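Residue-level structure breakdown
The chain contents come next:
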Amino acid sequence: MNAITTWWKNLEKKHETGTQFIVFFILSNGITVLQLVLMPVFRWLFGLTTLEGTAFQLLPVGSSGGQTVYLFDYAAGPILADGTGGGLAYFLAVETTLLIAQVINFFAQRSITFKSNSSIWRAAFWYALAYVVITVVAAALQVLYKAPIYSWSIHTLGAGTGETVADIVTMIINAAVSFWVFFPIFKLIFKQEPQTGTQAGQGTAAGATATAR
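Residues numbered from 1 in each chain as written. Predicted model: local features only at pLDDT ≥ 70, side-chain atom pairs only at ≥ 80, totals over all residues. Heavy atoms only, no water.

Our next topic: the packing of helix α4 (residues 120-157) against helix α5 (residues 159-189). Where α4 meets α5, the closest approach of the two axes is 8 Å, and the angle between their N-to-C directions is 155°. Regarding the angle of α4 to α5, the classification is roughly antiparallel. For the crossing formed where α4 meets α5, the hand is right-handed. (Axes fitted to C-alpha atoms, helices over the stretch in contact; angles between N-to-C directions. Helix = DSSP H or I, 4+ residues; strand = E, 2+ residues; numbered from the N terminus. Parallel < 35°, antiparallel > 145°, perpendicular 65-115°, else oblique. Left-handed = near helix turned anticlockwise from the far one by under 90°.)

The next subject is α4. The end-to-end C-alpha separation of α4 is 46 Å, well short of the 56 Å expected for 38 residues at 1.5 Å each. Gln142 marks where α4 bends most, by close to 50°. Immediately beyond the C-terminal end of α4, within one or two residues, lies Gly158, with a positive phi of roughly 95°. (Expected span 1.5 Å × (residues − 1). Bend = angle between axes of the 7 residues up to and from the residue.)

Topologically, Gln142 is positioned in helix α4. Gln142 gets classed as buried once you look at its relative accessible area, which sits at 7%. Taking the C-alpha atoms as reference points, Gln142 and Ile173, 31 residues apart in sequence, are found 9.2 Å from one another. (Buried < 20%, exposed > 50% of the residue type's maximum accessible area, 1.4 Å probe, protein only.)

Here we come to the confidence of the model for the chain. Considering every residue of the chain, the mean pLDDT works out to 82; 90% of them sit at 70 or more. pLDDT under 50 marks residues 203-208. Its contacts with residues more than four places away, or in other chains, come to 0 contacts. (pLDDT = per-residue confidence, 0-100. Contact = heavy atoms within 4.5 Å.)

A complete count under the given rule lists 26 aromatic pairs for this structure. Ring geometry for Phe114 versus Phe186: centroids 6.2 Å apart, planes at 70°, classification edge-to-face. Separated by 72 residues along the polypeptide, Phe114 in the loop between α3 (87-113) and α4 and Phe186 in helix α5 bring together distant segments of the chain. Take Phe114: its relative accessible area is 1%, and that puts it in the buried class. (Phe/Tyr/Trp six-rings, centres within 6.5 Å; stacked < 30°, edge-to-face > 60°.)

Position of Lys146 relative to the elements: it lies in helix α4. Summary of buried charges: Lys146 has no salt-bridge partner, and the nearest side chain of opposite charge, Asp73, is 7.3 Å away. Contacts of Lys146, omitting those with residues within four sequence positions, involve Asp73, Tyr74, Gly83, Gly85 and Tyr90. (Lys, Arg positive; Asp, Glu negative; His and termini not counted. Salt bridge = Lys/Arg side-chain N within 4 Å of Asp/Glu carboxyl O.)

With that settled, the discussion passes to the pattern of salt bridges. Scanning the model with the defined rule gives 4 salt bridges in all. For the salt bridge of Glu12 with Lys115, the shortest nitrogen-to-oxygen distance reads 3.3 Å. Here Glu12 is found in helix α1 (residues 2-14), whereas its partner Lys115 is found in the loop between α3 and α4, with 103 residues between them in sequence. By relative accessible area, which is 24% here, Glu12 ends up partly exposed.

This is the structure we're talking about:
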């Protein structure tokens, strides 16, 4: 184990970005698995409410076939065979899942992948801003792929199984978008700032105390 630890530390020194990407990849896949577990749970929970009957249609971006196309388009009612519907319940299930996953991701990537000691509040601000932008981008992409995925899944696998499979595929796509966008953002906001003389002295003193013990 000590040999592996030493090898990894040497690799980190020689290839900092590469090793960060490896750890980022591993953690991101773990977060994706979490999302795949949470999404059906929140779909079920919000499905017990009346929110499915409440439409959530925001930011019109054009029209198609005489119908307004919204960036966030969740018509009232259950998800139909053409992929439309889901209402506010579906929107909240998706966004709640993503929010929980990204909060965990923020702290895990900051402390484990990038070992950042810079201002957590400044990093959180830029992370939140990036999250909003990525949410909008993901919503725009859903306009293109949500209906075909749900339509194919429901027609091929049936309503129950088809919706579940479509949920999983949708969440994987959202996770993939986040994965490729967030790494360069994390690289910018999670800095390792040099320690001041006082901090370095405290660290040395703490190490000496630990050794004495």
